[in-house]
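Here's the letter readout for the chains.
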Amino acid sequence: MPDDERRLTRRELLHSAVRGAALVGAGAALGVFSGRGSAGEYVWQIDPDKCMQCGRCATECVLSPSAVKCVHAFAMCGYCEFCTGYFEPELNGLNTGAENLLCPTGALQRSFVEDPYYKYVIDEDLCMGCARCAKGCRMFGNGSLFMQIRHDRCLNCNQCSIAAACPAGAVMRVPADSPYMLRGGDAAPE
Amino acid sequence: MQRLNKTCCAGLVAVLAMLYALPAESLERFPPPDFESGFVFPEVTKPGPRPQLLEYLDVSVLIGALSLAAYLGIRKRSRTGLAVLGVFSLAYFGLWRRGCICPVGAIQNVALSLSDGGYVLPLSVAAFFFLPLFFALLFGRVFCSSVCPLGAIQDVVVLKPLRLPMWLEHSLGVLPYLYLGTAVVVTMATGRFMICRLDPYVGFFRLSGRLAMLITGGILLVAGVFVGRIYCRFICPYGAILRIFSIVSKWHVRIGPRDCVACTLCEDACPYNAILKPSGESAPGGIAGRALLARLIILLPLLMLAGYIHGKRLGPVLSKMHPRVRLAEQLWVEEERNARVRSDQTLAFIEQGGVPKELFGEALLLKSKNESWGRLLGLWAGAVTGLKLISLSLRRRREGYTPDRAKCVSCGRCFSSCPQHRAERRGLLPVERSVPDGS
């Protein structure tokens, strides 16, 4: 059937034309995208100046416990004995009994340096990112305790579910070569 | 001692009350002490993200898997090979890489880089988006067959596939195109990635996730035992692009290795309704058929126009999804009611020194922009519906059984149903080595 053969070649020709156009188009698009600037990756990070320590980081992250941890800028800390990030606002007594401490998991730990100063460190395996210590430190202290996404834990989801839930718009994409937004002049890359 | 502690506490409370009066911005209330014991500040640890090199490893694995899938499907004709490759992809891209980045989600990154000047598409994301498209133009949907982790997790649970009636298959088959348009418009209008938020299977890859996500995924997986690849066929927006590209692909998997003799044995082999029967007596053409086609072609612009007109109503829906518009509406309500208790959103806005008037102006502008986005989406929906109707009314003459290139995911389940394939495998026929192109 000559008619049938002609029909087939016509469709083949059409397909080749569309295929060629699509190849050229996709190639051009790829060229445009790769030529538009740095090809670096992005990671998610919290801007500590925008963060309002609402505590959603602890619950919204797809990881459990969250990849958000409290970070301590040691150079900014006042090394207070009465740390408002460490103690509950209304104490039963000035001792380190669990009922007096803000941190629900005991992740914020302190050690004596010299009278009357204490050093505060975070055990990241215990920290769940609830930001209670950061809130206390921000409200009454120096703000040296703040929340950061820890990249050894973060899965770097294409859409960070914390970013979608953050009321302050503090979670943003940052270039992967400077993945932290640290307080206290410590933001310079290593 | 007890009394001393009480005094201490009272003193602490007094100090706190005093400090509370200070504005929140004044940090460094307590300057770091001059230590006498020679204490040095510890370093703040900064564990880095996944090295860039590994991202390129992912791209290499993707290229390797795509090439292997094309080889196994078209040249080697090995269903077993494709199944093994699928399990590998499920393990690597799914369980090991936790499903991110994937080409389905990369649609949104591409859309965002078009709408947001501050976002430059990373090279590895561009590779993940474009490579399967190139392969689809050359070899059909080999990405779907055994490289996509979402496809692989569904492919392993297809145990008792039922045949869906064609009217349902065709109606649901429109959804991926609508989802594609919606996802692109939502990303460009609001910056939100709805495909990632609604991905039903990624929770299994991460072994955690929101309950709703895990339940949806579980239901879809159980349903997937009876209706093969529900997500791929009726939801996947990336599949929508791949379908178009697969129709015009240079090469494509075939049911049998040689010319079809129309023995009908493969008729029920496809769990995805993707095998086209020979056209037989229901020949194309005819006056009635042409008249219908002509009417549908006239209908297409009308549908698009209707979509354009009514698409305006999608504007408010998009605005509801936009974080800035939501913030503005929340703030508006609180200002109107003189609310004493503020929501976290508005508190943060005020704390960051935002000016309500500017925000309201911005929101109004966004709302009118979103109406245009809605019109665009309506236009797209009209076009999809019209083109689907046209494609349904096109009849083509087919001699034998062929895979429906749009729907076929190149999984290779039909291979063994072809007697010529089985004869070759048992050495009863010489192995056909020429890779046929065309249909």
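Our subject is the structure listed above.
Residues numbered from 1 in each chain as written. Chains lettered and ligands numbered in written order. Predicted model: local features only at pLDDT ≥ 70, side-chain atom pairs only at ≥ 80, totals over all residues. Heavy atoms only, no water.

Describing the overall build of chain B
Next up, step 1: Broken down by element type, chain B carries 20 helices and two strands.
Next up, step 2: A globule of 439 residues ought to have a C-alpha radius of gyration of about 22 Å, yet chain B, at 29 Å, is considerably larger.
Next up, step 3: For chain B, the spread of C-alpha atoms along the three principal axes comes to 100 × 55 × 35 Å.
Next up, step 4: Counting over 439 residues, chain B shows a buried share of 46%.
Next up, step 5: Within chain B, contacts between residues at least 6 apart in sequence are counted, and of these 81% link residues at least 24 apart.
Next up, step 6: Roughly 22,300 Å² of accessible area belongs to chain B as shown, and the carbon and sulfur atoms make up 65% of that amount.
Next up, step 7: One finds the centroid of the 51 positive side-chain charges in chain B at a distance of 10 Å from the centroid of its 29 negative side-chain charges. (Helix = DSSP H or I, 4+ residues; strand = E, 2+ residues; numbered from the N terminus. Rg over C-alpha atoms; globule rule 2.2 N^0.38 Å. Buried < 20%, exposed > 50% of the residue type's maximum accessible area, 1.4 Å probe, protein only. Contact = heavy atoms within 4.5 Å. Areas by Shrake-Rupley, 256 points an atom, 1.4 Å probe, with all protein chains shown as cover. Lys, Arg positive; Asp, Glu negative; His and termini not counted. Charge placed at Lys NZ, Arg CZ, Asp CG, Glu CD.)

Details of the environment of cysteine 103 of chain A
Next up, step 1: One can find cysteine 103 of chain A in the loop between β2 (68-72) and β3 (108-114).
Next up, step 2: Between the C-alpha atom of cysteine 103 of chain A and that of tyrosine 42 of chain A, which follows or precedes it by 61 residues, the distance is 31 Å.

Some remarks on the layout of surface pockets
Next up, step 1: Estimates place the volume of the second largest pocket at around 1,300 Å³.
Next up, step 2: Along the walls of the second largest pocket sit 41 residues, with Ala163 and Gly169 of chain A together with Thr190, Arg192 and Pro323 of chain B positioned nearest its centre.
Next up, step 3: Looking at the lining of the second largest pocket, the elements with two or more residues in it are β1 (42-46), α4 (161-165) and β6 (171-175) of chain A together with α4 (103-115), α9 (175-190), α17 (323-337), α18 (344-351) and α19 (356-393) of chain B.
Next up, step 4: Among the elements that line the lining of the second largest pocket, the one with the most residues is α17 of chain B, at six residues.
Next up, step 5: Here the lining of the second largest pocket is composed, by residue class, of 20 nonpolar, 13 polar and eight charged. (1 Å grid on protein atoms, 1.4 Å probe; cavity = no way out; pocket = protein on both sides within 12 Å on 5 of 7 lines; lining within 4 Å. Points joined across faces, edges and corners; volume = space filled by probe spheres on them. Nonpolar A, V, L, I, M, F, W, Y, C, P; charged D, E, K, R; others polar.)

Thoughts on the interface of chain B and chain A
Accessible area lost on assembly of the parts is the figure often given for the size of an interface.
Next up, step 1: Contacts between the two partners involve 76 residues from chain B, matched on the other side by 77 residues from chain A.
Next up, step 2: On inspection of chain B and its partner chain A, the count reaches one salt bridge.
Next up, step 3: The residue arginine 56 of chain A makes a salt bridge to aspartate 344 of chain B at a minimum N-O spacing of 2.8 Å.
Next up, step 4: Elements that contribute at least two residues to the side of chain B that touches chain A include exactly α1 (2-20), α2 (52-75), α4, α5 (123-139), α10 (194-197), α14 (237-247) and α18 of chain B. (Salt bridge = Lys/Arg side-chain N within 4 Å of Asp/Glu carboxyl O.)

Observations regarding the packing of aromatic side chains
Next up, step 1: Throughout the structure, instances matching the rule amount to 21 aromatic pairs over all chains.
Next up, step 2: A centroid spacing of 6.1 Å and a plane angle of 40 degrees characterise the contact between phenylalanine 33 of chain A and phenylalanine 130 of chain B, whose relative ring orientation is tilted. Of the two residues, phenylalanine 33 of chain A is situated in helix α1 (residues 2-34) and phenylalanine 130 of chain B in helix α5; the pairing between them involves two chains.
Next up, step 3: Geometrically, the ring pair formed by phenylalanine 35 of chain B and phenylalanine 39 of chain B is edge-to-face, given 4.7 Å between the ring centres and 65 degrees between the ring planes. For the pair phenylalanine 35 of chain B and phenylalanine 39 of chain B, one class covers both residues: buried.
Next up, step 4: Chaining the aromatic ring pairs together yields one cluster made of Phe33 of chain A together with Phe129, Phe130, Phe143 and Tyr238 of chain B.
Next up, step 5: Cation over ring: arginine 110 of chain A sits above tyrosine 118 of chain A, and NZ or CZ is 3.9 Å from the ring centre.
Next up, step 6: Above the ring of phenylalanine 415 of chain B, the side-chain terminus of arginine 77 of chain B is found at 4.4 Å from the ring centroid. (Phe/Tyr/Trp six-rings, centres within 6.5 Å; stacked < 30°, edge-to-face > 60°. Lys NZ or Arg CZ within 6 Å of the ring centre and 35° of its normal.)

Details of α18 of chain B
Residues and elements named next belong to chain B.
Next up, step 1: Burial in α18 covers these residues: Thr346, Ala348 and Phe349. Around the axis of α18, the buried residues are gathered within 160 degrees of arc, so they sit on the same side.
Next up, step 2: Next to the buried residues of α18 lie α17 and α19. (Arc of directions from axis to C-beta.)

A few points about the nonpolar core
Next up, step 1: Counting 96 residues, the largest nonpolar core has Phe129 and Tyr238 of chain B as its most contacted members.
Next up, step 2: If one sorts the elements of this core by residue count, α5 of chain B sits on top with 13 residues.
Next up, step 3: The residues touching phenylalanine 129 of chain B, leaving out its near neighbours within four places in the chain, are Pro103, Ala106, Ile107, Val110, Tyr238 and Ile241 of chain B.
Next up, step 4: Judged by nonpolar contacts, the second largest core, of 54 residues, contains Cys51, Tyr120, Ile149 and Cys157 of chain A. (Core = buried A, V, L, I, M, F, W, Y, C linked by side-chain atoms within 4.5 Å.)

Considerations on the packing of α9 of chain B against α14 of chain B
Residue and element names in this part refer to chain B.
Next up, step 1: One way to put it is that α9 packs onto α14 with a least axis distance of 7 Å and a crossing angle of 115 degrees. Considered as vectors, α9 and α14 are oriented roughly perpendicular to each other. When the axes of α9 and α14 are compared, the crossing they make is left-handed. Side by side, α9 and α14 meet where Pro176, Tyr177, Tyr179 and Leu180 of the first sit next to Pro237, Ala240, Ile241, Arg243 and Ile244 of the second.
Next up, step 2: Of the residues that constitute the contact of α9 with α14, the class distribution is eight nonpolar, no polar and one charged. (Axes fitted to C-alpha atoms, helices over the stretch in contact; angles between N-to-C directions. Parallel < 35°, antiparallel > 145°, perpendicular 65-115°, else oblique. Left-handed = near helix turned anticlockwise from the far one by under 90°.)

Thoughts on the pairing of β2 of chain A
Residues and elements named next belong to chain A.
Next up, step 1: Burial of β2 is extensive: five of the five residues sit out of reach of the surface.
Next up, step 2: Covered by surrounding structure in β2 are Val68, Cys70 and His72 together with Lys69 and Val71, the residues of both alternating faces.
Next up, step 3: The sheet contact formed by β2 and strand β5 (residues 145-149) spans five bridges and is antiparallel. Within β5, the residue paired with lysine 69 across the bridge is glutamine 148. (Pairing = 2+ DSSP bridges.)

A few points about the pattern of salt bridges
Residue and element names in this part refer to chain B.
Next up, step 1: Per the counting criterion, the structure on display carries 19 salt bridges over all chains.
Next up, step 2: Between arginine 413 and aspartate 155 there is a salt bridge, with its nearest N and O atoms 2.7 Å apart. Here aspartate 155 lies in helix α7 (residues 149-155) and arginine 413 lies in the loop between β2 (402-403) and α20 (419-425), a separation of 258 residues in the sequence.
Next up, step 3: Residue classification places aspartate 155 among the buried positions, given a relative accessible area of 9%.
Next up, step 4: The network of salt bridges with common partners includes Arg50, Glu55, Asp58 and Arg97.

Details of empty space enclosed by the protein
To find leftover empty space, one rolls a probe the size of a water molecule over the atoms.
Residues and elements named next belong to chain B.
Next up, step 1: In total, this model carries nine cavities of 30 Å³ or more according to the counting rule given.
Next up, step 2: The wall of the largest cavity is formed by 21 residues, among which Cys196, Arg197, Val202, Arg206 and Met213 lie closest to the centre.
Next up, step 3: Within the residue set of the lining of the largest cavity, elements represented by two or more residues are α4, α10 and α11 (202-206).
Next up, step 4: In the lining of the largest cavity, the residues fall into eleven nonpolar, six polar and four charged.

Some points on a nonpolar patch on the surface
Residue and element names in this part refer to chain B.
Next up, step 1: On the surface, Ile298, Leu299, Leu302, Leu389 and Leu392 cluster together into a nonpolar patch covering about 420 Å² of accessible area.
Next up, step 2: Going through the elements one at a time, α15 (287-310) and α19 are the ones with two or more residues in the nonpolar patch.
Next up, step 3: Here the nonpolar patch gets three residues from one element, more than from any other, and that element is α15.
Next up, step 4: Along the chain, isoleucine 298 turns up in helix α15.
Next up, step 5: Since its relative accessible area comes to 56%, isoleucine 298 is described here as exposed. (Patch = residues over 30% accessible without salt bridge, like charges linked within 9 Å, V, L, I, M, F, W, Y side chains within 5 Å.)

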